[in-house]
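Structural characterization, general
Residues per chain, in single letters:
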Amino acid sequence: MEVSRLLGGALLATGVLGATPALAAPPPEADTSADVVVRSETHFRLYQRSLLPGPYGAVITEETAAPVVEYASLTARDLDAPWERHSLDVELDVWGSATFGEAGAARRVDGDVQHASVRYRSGPAWLRIGRQHVAGGAARFARFDGVAAGGTLPFGVGLDAYAGLTVLPRWAARPGYHQLGSAVDSLWRDPSALPEPKRAEHWVAGGRLYYDSSSLDAGVSVHEERETGELAHRNLGLDLRGDLSKKLTLGGNGVMDLDATRVADARAFGQYAPSRVVELELEMLHAEPALFLSRQSVLSVFSTDAYEEAGGTLSLRVMRALRLTGGGFVQVYSSDDQGGRAELSARIEPGHTGQTVLICTVSRVIAPENGYTAMRNALRQRITFPLHATLEAYHYLYDDPIRGYDSSGVYAGTLDYSILPELSVLWGTSLAHTPYAATDLQSQIRIQYLAGGRAK
């Protein structure tokens, strides 16, 4: 039985911004200022954990660790290039960590650059160079070092493209992690014996051609990704959304695996809002989750069942302070199994000040292997003007016991106090009882300072 006890934690977030006013205010068209925001977050944690027994009945050992993680970012918008005003954007996002005590399988000192790019804009065209990411359309999420560019024509037609070397996560070298699903072998006892990956053999490329107007958005996209020089993903994406009227919207999107010539994901939806009181949404979905795995993963051949899902949600504002939302969906799996999910939720906001918000939700899930009934209650209360409190309670009742447990419970609460408009302190605590943790107690303190504005 895994038992995790988080004894304490603190988080510090700071934002630094300098501004230099001009001696004489220039006319708006001659403004040369730029948006610059620097943010820093420091997380201090202390926890003790007891892991699950190892193979062949290995003895359970306790570990006590005190990791410190630092996140820092810089965002600058509308910087001046020597040849053009307000044409440059800069983004930098880094992190570093140091672990005191027993680090276990994690590195004692670690860090990486998540984003570092410069974007140049000129009229309807743009060019971005550096470490960046792509998501959406034919691509799910990929971080790469390279170049991206795009632009639009006066008639709403546009084209975006990207290419670069995939960023290989530093944490992927953790023993027992990056070998999961590896075509080499997922059971290496000495991961350090594997050769270091070659960056040139890991790359991504793709793009999207689209049309964008006030009432119609449509696009076609492609994405290819290589791992160790071999094909990992080759996808074609389509997306469409149109407003037939102010009340009715129809749309859909889909991704096709061109290597397997099968549809990985396809969704069609309709939204109808005849008034502010009633909102209706219908949806149909087809998904084959295994097609989103890399073609170089041995797990991709063990395809999970494809399934279809159809259903909808209906939202009613019964009165100014009460909104009811109900929904239901039915799933049909390729193995002829069936499932379903349904939910009924009430959002209550008594009074006219928004000081109190209460949410009560009951849901039911039926799956081929098991099912459960869930209940959620959440309360947000503004005690005084600068002090807010939240309380949440989750309960799960399983149809069949999981590891001997027929229910789970999670409870959480926070207190948020705004000392100044730029400075706030938050304290939060949660307690969980699940089939995988007899007791999980966590607590965190966050001190946040953030300033923003214009810097010359």
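Preceding this paragraph is the structure being described.
Residues numbered from 1 in each chain as written. Predicted model: local features only at pLDDT ≥ 70, side-chain atom pairs only at ≥ 80, totals over all residues. Heavy atoms only, no water.

**Let's talk about the pattern of salt bridges**
Let me state the cut-off plainly: In the sections that follow, a salt bridge refers to a side-chain nitrogen of Lys or Arg positioned within 4 Å of a carboxyl oxygen of Asp or Glu. Elements are defined by DSSP. Helices are runs of H or I of four residues or more, strands are runs of E of two residues or more, and each kind is numbered from the N terminus. A simple rule labels every residue: compare its accessible area, found with a 1.4 Å probe on the protein chains alone, to the largest value its type can have, and call it buried under 20%, exposed over 50%, or partly exposed in between.
On inspection of all chains with the given rule, the structure shows 17 salt bridges. Two residues, Arg-119 and Asp-89, come together in a salt bridge whose shortest N-O distance is 2.7 Å. With Arg-119 in strand S5 (residues 109–122) and Asp-89 in strand S4 (residues 84–101), this pair connects stretches of sequence that are 30 residues apart. When the shortest N-O distance is used, the salt bridge between Arg-234 and Glu-224 registers 3.0 Å. Residue Arg-234 is located in strand S11 (residues 230–243), and its partner Glu-224 is located in strand S10 (residues 216–227); the two are separated by 10 residues in the primary sequence. When its relative accessible area of 29% is taken as the criterion, Arg-234 is described as partly exposed. Look at Glu-224 and you get buried, because its relative accessible area is 19%.

**Some details on the nonpolar core**
Heads up, the rule is: Buried Ala, Val, Leu, Ile, Met, Phe, Trp, Tyr and Cys residues that are joined via side-chain atoms within 4.5 Å together make up what is termed a nonpolar core. The criterion used for residue contact is that any of the two residues' heavy atoms lie within 4.5 Å.
Core analysis: the largest hydrophobic core is formed by seven residues, namely Val-134, Ala-139, Ala-142, Phe-144, Ala-148, Tyr-162 and Val-204. The dominant element in this core, judged by the number of residues it contributes, is strand S7 (residues 139–152), at four residues. With near-sequence residues (within four places) excluded, Val-134 lies in contact with Ala-139, Arg-140, Phe-141, Ala-142, Phe-144 and Tyr-162.

**A few points about the packing of aromatic side chains**
Worth spelling out the cut-off: To pair, rings of Phe, Tyr and Trp, with the six-membered ring standing in for Trp, must have centres within 6.5 Å; the planes then decide the type, stacked if under 30 degrees apart, edge-to-face if over 60, and tilted in the middle. Only when the NZ atom of a Lys or the CZ atom of an Arg is both within 6 Å of the ring centre and within 35 degrees of the ring normal do we say a charge sits over the ring.
Under the criterion given, the structure shown has four aromatic pairs. Look at Phe-144 and Tyr-162: their rings are 5.8 Å apart centre to centre, the planes differ by 35 degrees, and that puts the pair in the tilted class. Of this pair, Phe-144 sits in strand S7 while Tyr-162 sits in strand S8 (residues 157–166); the two residues are 18 residues apart in sequence, bridging distant segments of the chain. Ring plane angle 45 degrees and centroid distance 5.6 Å describe the contact between Tyr-307 and Tyr-333, whose orientation is recorded as tilted. Placement of Tyr-307 in strand S15 (residues 307–319) and of Tyr-333 in strand S16 (residues 322–333) is noted, with a sequence separation of 26 residues between them. For Tyr-307, a relative accessible area of 21% translates into the label partly exposed. For Arg-341, the ring lying beneath its charged end belongs to Phe-329, and the centroid distance is 4.1 Å.

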